[in-house]
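These are the residues of each chain, in order.
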Amino acid sequence: MNWLSKRCIAISSVLFALPILVYPVRGSIGQNITTYTYGFPFPWFSVHFTARGGRLFLWQALSSPFQSFHIDFITAILNFIILYVAVRAIFIVFGQKKQAYHEKKSKKEENKLE
């Protein structure tokens, strides 16, 4: 695994975990239980609270205890793979453009020296 892949994994991990803490989610209220669903691009983490509160997980978790939670591991793994592929593609595209720019620039400098 090269350095670029490690960087992509780190960025994908941040993008995977960050929406849980800050991204507004879908919430539903039924039978005095509030359910919030988190995850990007597909929801994979659900938390059930007995009290109404904020929409952000960190705010809700600090303000009232949760009753139960559910983690869909297959969807979580799929989300991480999608995020990794997207980040890796961005690095490859911009890396190739940067490399082509530097090659073009070095050829111009070589032509000037001749």
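Residue positions are given per chain, counted from 1 along the sequence in the order it is written. Confidence filtering applies because this is a predicted model: local features only for residues at pLDDT of at least 70, side-chain atom pairs given and counted only at 80 or more, and all residues used for totals across whole chains, interfaces and linings. Just so you know, side-chain values use all the structure's heavy atoms and leave hydrogens and water out.

1. Quick word on the packing of aromatic side chains
Using the following cut-off: Aromatic pairs are defined between Phe, Tyr and Trp rings, using the six-membered ring for Trp, whenever the two ring centres lie within 6.5 Å; interplanar angles under 30 degrees are classed as stacked, those over 60 as edge-to-face, and all others as tilted. Each helix corresponds to a stretch of at least 4 residues labelled H or I by DSSP, and each strand to a stretch of at least 2 residues labelled E; elements are numbered beginning at the N terminus. Per-residue accessibility, obtained with a 1.4 Å probe over protein chains only, is compared with the maximum for each type, and a residue is labelled buried under 20%, exposed over 50%, and partly exposed between these values.
Applying the stated criterion to the full structure yields 5 aromatic pairs. The interplanar angle of 10° and the centroid separation of 4.8 Å between the aromatic rings of Phe16 and Trp44 together place this pair among those described as stacked. Placement of Phe16 in helix α1 (residues 3–22) and of Trp44 in the loop between β2 (33–38) and β3 (45–49) is noted, with a sequence separation of 28 residues between them. With respect to class, Phe16 is no different from Trp44; both count as buried. Here Trp44 and Phe45 contribute two aromatic rings whose centre-to-centre distance is 5.8 Å and whose plane-to-plane angle is 45°, an arrangement assigned as tilted. Phe45 gets classed as buried once you look at its relative accessible area, which sits at 11%. Ring-pair connections join several aromatic residues into one group, and the members of that group are Phe16, Tyr38, Trp44, Phe45, Phe69 and Phe80.

2. Considerations on the environment of Arg26
You can see Arg26 is positioned in strand β1 (residues 26–30). The exposed category is assigned to Arg26, whose relative accessible area is 54%. Separated by 10 residues in sequence, Arg26 and Tyr36 place their C-alpha atoms 5.9 Å apart.

3. Some remarks on unusual backbone geometry
Between Phe40 and the following residue, Pro41, the backbone shows a cis peptide bond with an omega angle of 0°. Within the secondary structure, Pro41 is located in the loop between β2 and β3.

4. Some words on the nonpolar core
Note the threshold: Among buried residues, the Ala, Val, Leu, Ile, Met, Phe, Trp, Tyr and Cys ones that are joined through side-chain atoms within 4.5 Å form a nonpolar core.
The biggest cluster of nonpolar side chains holds 11 residues, and these are Phe16, Ile20, Val25, Tyr36, Tyr38, Trp44, Phe45, Val47, Phe49, Ala76 and Leu83. Contributing elements (two or more residues each) for this core: α1, β2, β3 and α3 (73–113). The dominant element in this core, judged by the number of residues it contributes, is β3, at 3 residues.

5. Section: the confidence of the model for the protein chain
Note the threshold: Each residue carries a pLDDT score, the predictor's own confidence in it, on a scale running from 0 to 100.
On average, residues of the protein chain score 77 in pLDDT, and 68% of them reach the 70 mark or higher. Predicted confidence in the protein chain is weakest over helix α2 (residues 57–63), with a mean pLDDT of 66, and strongest over strand β4 (residues 66–71), with 83.

6. Observations regarding the pairing of β3
What counts here: In short, DSSP must find at least two bridges between two strands for them to pair.
Most of β3 is tucked away: 4 of the 5 residues are buried. The turn joining β2 and β3, which pair antiparallel and follow one another in sequence, is formed by 6 residues; a positive phi near 130° is taken by Gly39. Relative to β4, β3 is paired through 5 bridges, and the arrangement is antiparallel. Paired with Ser46 across the bridge in β4 is His70.

7. What about the environment of Gly27?
What counts here: Any two residues whose heavy atoms approach within 4.5 Å at even a single point are treated as in contact.
Along the chain, the position of Gly27 falls in strand β1. Note: C-alpha distance between Gly27 and His48 (21 residues apart in sequence) is 9.7 Å. Here Gly27 is in contact with Thr35 and Tyr36, once residues within four sequence places are set aside.

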